[in-house]
Amino acid sequence: MLNIVLFGPPGAGKGTQAAKLLEKFNLVHLSTGDIFRSNIKDATELGILAKSYMDKGQLVPDALTIDMLQSEADKHPHANGYIFDGFPRTHPQAQALDDFLATKNTGITMMLALEVNEEELKNRLTERAKVSGRSDDADPKIIQKRIEVYNAETMPVKSYYQAQNKYKGVNGVGSVDVIFSALCTEISK
Ligand code: ADP
């Protein structure tokens, strides 16, 4: 299996690149942000709870996120591989993902990270707010909070994969196609 963790701060372009990667490599896309948003839209119990954290720019608690991710992954037992997008975002999530994949006799192949500076991120999220309808993009204070949470809680996940020699960083500033081919080069190395 080809199991990729797509990593990067809010606004790095994970969703855009994930869409291209899953088509090329025939993978299942598991985006925790998308799954939460679909639950919010359907007003499920999970959605209502998740929204209370997302609207503040905070992370949804690990136990909830991990359970949800595992049940989504289990819906695709014959997958060629997965792209994990927006997950894992904490050290316990990374550990849980390894344990979960081990029960399926597989593991993470690599973490692909989109590296984008903070100034560029804020500009992109502000632009995205105009079209996404996402309340967490609309408020500069919430954007700032998400970047802070990323730096404090999510950045350490990079060292988790570096310690396993699985971290690969790619410049996330440039055209979508150039970034995509840089990611493909890393996958085929
Ligand atoms: P972005 O990367 O642009 O912030 P996402 O769609 O990945 O957007 O996430 C939106 C929000 O959903 C996050 O700010 C957080 O509240 C919640 N979320 C998504 N994935 C996770 C996760 N793995 N753990 C906890 N919360 C998450």
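Scroll up to find the structure this text is about.
First, a word on scope: everything that follows refers to the structure included in this document. Numbering of residues begins from 1 in every chain and follows the order in which that chain's sequence is written. Local features in a predicted model are, by the rule used here, given only for residues with pLDDT of at least 70; side-chain atom pairs are given and counted only at 80 or more, and totals for whole chains, interfaces and linings are based on all residues. For the side-chain quantities, the full set of heavy atoms in the structure was used; hydrogens and water were omitted.

1. Overview of the site of the ligand
Any residue with a non-hydrogen atom lying within 4 Å of a molecule or strand is treated as near it. Of all residues adjacent to the ligand, which total 20 residues, the nearest are Thr32, Arg37, Gln58, Gly86 and Gln93. Gln58 places a main-chain nitrogen or oxygen 2.6 Å from an oxygen atom of the ligand. For the purposes of these results, a polar contact is taken to be a pair of N or O atoms within 3.5 Å, where, inside protein, one atom must be able to donate a hydrogen and its partner to accept one; residues adjacent in sequence count only when each atom of the pair is a side-chain atom. A distance of 3.0 Å separates an oxygen atom of the ligand from a polar side-chain atom of Arg146. Looking at which element gives the most residues to the shell around the ligand, the answer is helix α2 (residues 32-41), with four residues. Gly counts as polar in this scheme, as do all residues outside two lists: the nonpolar Ala, Val, Leu, Ile, Met, Phe, Trp, Tyr, Cys and Pro, and the charged Asp, Glu, Lys and Arg. Taken together, the residues that form the shell around the ligand break down as six nonpolar, seven polar and seven charged. Helix and strand definitions follow DSSP, with helices as H or I runs of at least four residues and strands as E runs of at least two, each counted in order from the N terminus.

2. Structural notes on unusual backbone geometry
Here Phe87 and Pro88 are connected by a cis peptide whose omega angle stands at -5°. Its identity as a non-glycine residue notwithstanding, Asn26 has a phi of 60°, on the positive side. Residue placement: Asn26 occurs in the loop between α1 (14-25) and β2 (28-31). Throughout, exposure labels follow a simple rule: accessible area from a 1.4 Å probe, protein chains only, divided by the maximum for the residue type, with under 20% read as buried, over 50% as exposed, and the rest as partly exposed. Judged by its relative accessible area of 54%, Asn26 is exposed. With a phi close to 60°, Asn165 is a non-glycine residue in the positive phi region. The residue Asn165 is located in the loop between α9 (156-162) and β5 (167-171) in this model. Of the residues examined, Asn165 reaches a relative accessible area of 73% and is grouped as exposed.

3. Quick look at the nonpolar core
In terms of nonpolar packing, the biggest core is built from 24 residues, with Phe84, Leu97 and Tyr161 touching the most fellow members. Of all elements in the fold, only β1 (4-7), β2, α4 (62-73), β3 (82-85), α5 (91-103), β4 (110-115) and α9 reach the threshold of two or more residues within this core. No other element matches the five residues that α5 contributes to this core. Those residues in contact with Leu97 that sit more than four places away from it in its chain are Val5, Leu69, Phe84, Phe87, Pro88, Ile108 and Tyr161. By nonpolar core we mean a set of buried residues, namely Ala, Val, Leu, Ile, Met, Phe, Trp, Tyr and Cys, connected to one another through side-chain atoms within 4.5 Å. The next biggest cluster of nonpolar side chains, apart from the first, holds 22 residues, and it includes Ile4, Ile83, Met110 and Leu114. Whether two residues are in contact is decided by their heavy atoms: any pair within 4.5 Å suffices.

4. Remarks on the pairing of β4
Counting buried positions along β4 gives five out of six residues, so the element sits mostly inside the fold. Any two strands with at least two DSSP bridges between them are considered paired. Alignment of β1 against β4, held across four bridges, turns out to be parallel. Within the sheet, the bridge partner assigned to Val5 lies in β4 and is Met111. Strand direction decides the pairing type here: β4 and β5, joined by five bridges, are parallel. In the sheet register, Glu115 faces β5, and the bridge partner there is Asn171.

5. Regarding the sheet that holds β1
With respect to topology, five strands assemble into an open sheet ordered β2-β3-β1-β4-β5, the strand pairing being parallel. The open sheet has two edge strands, β2 and β5, and neither has a second partner. Strand-to-strand twist across the sheet, computed as the mean angle between neighbouring axes with direction ignored, equals 20°. To get an axis, a line is fitted to the C-alpha atoms, and for a helix only the part in contact is used. The angle between two axes follows their N-to-C directions and goes from 0 to 180 degrees. This element, α1, spans β1, β2, β3 and β4 of the sheet and lies at about 175° to β3.

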